[in-house]
Amino acid sequence: MSPDTLPLAGLKVVEFTHMVMGPAVGVILADLGAEVIKVEPLGGDQTRELLGSGAGYFPMFNRNKRSICLDLKSAEGLAAARGLLAEADILIENFRPGTLAKLGLSYESLKAENPRIIYCSAKGFLAGPYEQRTALDEVTQMMGGLAYMTGPPGRPLRAGSSVIDITGGMFGVIGILAALERRHRTGEGGEVRCSLFETTAFLVGQHMAQAAVTGQAARPMPVRISAWAIYDVFETANADEQLFVGVVSDGQWVAFCRAFGLDALGDNPDYAKNNQRVLARDAILPEVRALFAALPRAELVAKLETIGLPFAPITRPEDLFDDPQLNAGGLVELTLADGRKTRLPGLPIEIDGERPGLIRDLPQAGADTDAVLAEIGHRAAAPTAS
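Every value quoted in this text rests on a predicted model; they were computed, and no experiment measured them.

Parameters and conventions
- Residues numbered from 1 in each chain as written.
- Predicted model: local features only at pLDDT ≥ 70, side-chain atom pairs only at ≥ 80, totals over all residues.
- Heavy atoms only, no water.
- Helix = DSSP H or I, 4+ residues; strand = E, 2+ residues; numbered from the N terminus.
- Buried < 20%, exposed > 50% of the residue type's maximum accessible area, 1.4 Å probe, protein only.
- Core = buried A, V, L, I, M, F, W, Y, C linked by side-chain atoms within 4.5 Å.
- Contact = heavy atoms within 4.5 Å.

Student: Got a minute to help me understand unusual backbone geometry in this structure?
Tutor: Note on backbone geometry: most residues besides glycine have negative phi, and most peptide bonds are trans. If you check the backbone angles, N64 has positive phi at about 60° while not being a glycine. Mapped onto the secondary structure, N64 falls in the loop between helix 2 (57-61) and strand 3 (65-69). Despite not being glycine, D352 shows a phi value in the positive range, around 55°. Following the sequence through the fold, D352 ends up in the loop between strand 11 (341-345) and helix 16 (369-375).

Student: Mind showing me how you'd approach helix 1 (residues 21-31) here?
Tutor: Residue pairs spaced three or four apart in an α-helix point in one direction, given the helix's 3.6 residues per turn. By the criterion of burial, helix 1 is predominantly enclosed, with eleven of the eleven residues buried. All of the buried residues in helix 1 are M21, G22, P23, A24, V25, G26, V27, I28, L29, A30 and D31. Positive backbone phi, approximately 110°, marks G33, located one or two places after helix 1.

Student: Would you mind going over the nonpolar core with me for this structure?
Tutor: The nonpolar side chains of a soluble globular protein tend to be buried with one another. Ranked by internal contacts, the top residues of the largest apolar core, which has 35 residues, are V13, L29, A34, I90, I118 and I176. For this core, the elements supplying multiple residues, two or more each, are helix 1, helix 2, strand 4 (90-93), strand 5 (118-123), helix 8 (163-186), strand 6 (190-195) and helix 9 (196-203). With seven residues, helix 1 is the single largest residue contributor to this core. Those residues in contact with I90 that lie beyond four places of it in its chain are K12, V13, V14, L29, I117, I118, I176 and L180. Ranked by size, the runner-up nonpolar core spans 23 residues in total, among them F234, W253, I284 and V288.

Printed below as a string of structure tokens:
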């Protein structure tokens, strides 16, 4: 798919972001063809230098962008930013509430000069009593019920990815696209806000609904009462090769029992219906666990795939580099800061049978400053890196 045929080709986005949530908004728009200009402070976004679990933030969420470095506290840098925004379709920012407003870059200020601009703020909270609080992904997982649902009782546990940052960013994109559609009709932009806390609440809404329907609070996932009798992780004959298997319909139950020779279970009328099997989990699961523990995982996978049951080998993130499905077009080759090549997941959608790919490699800090400013007739008057 060539860049000029991508759905958002021709849109200009100016991004004032760091960490994950704001850059996630930007990378989705960039992958879909928008020109995304990432405005970094002199010396570059500090996200580039994070260690540990933060080391992957910048390379994952900043491909297909141009980078410029500006000192927004200087008159020259601020003038350059306003020049960019005068021609922009979309602004993205995820700094603390009021940060850009103090620089004169509020939505109200910018729309006076550019009424078509769509201003997306990615924050911890939407309007309400928590609005001015500082939040992070983990903070809102804890206060929004997700950590409680993920860990065992008494041991709240954050999800193993920046799931709220990323999902919150996706909601930001949805809001932006909705505002774009409205702009087609009205000619005017608008202000979009997405948030971490309300995103978390949306994700655990199913558990809130469960409490409303049943009158009983949802229990954490490790000790939940599953909707199905077989919906669990099983040991296999191979050490460290676990397998998740789900049997989620009466037809699948019959096929499962037939394929694995569990005739006594399959022919038992007390287990014919799903809810009967859920109530009989303590009788059914020991037999299934014993059977699986005696068979190699590869043999189990082959049989489960043949009969069409949901299954999944338990996989580590680093194993995905060699995953056949992802290597069929789901990974994008990028160059890391030290020059090494790697492959990271692309946008998980297809459009007209094609996947959006790499338009621009990961930018060096400020690499596009002179070119971008020249395009708006503004001369860089300060160094682009410290």
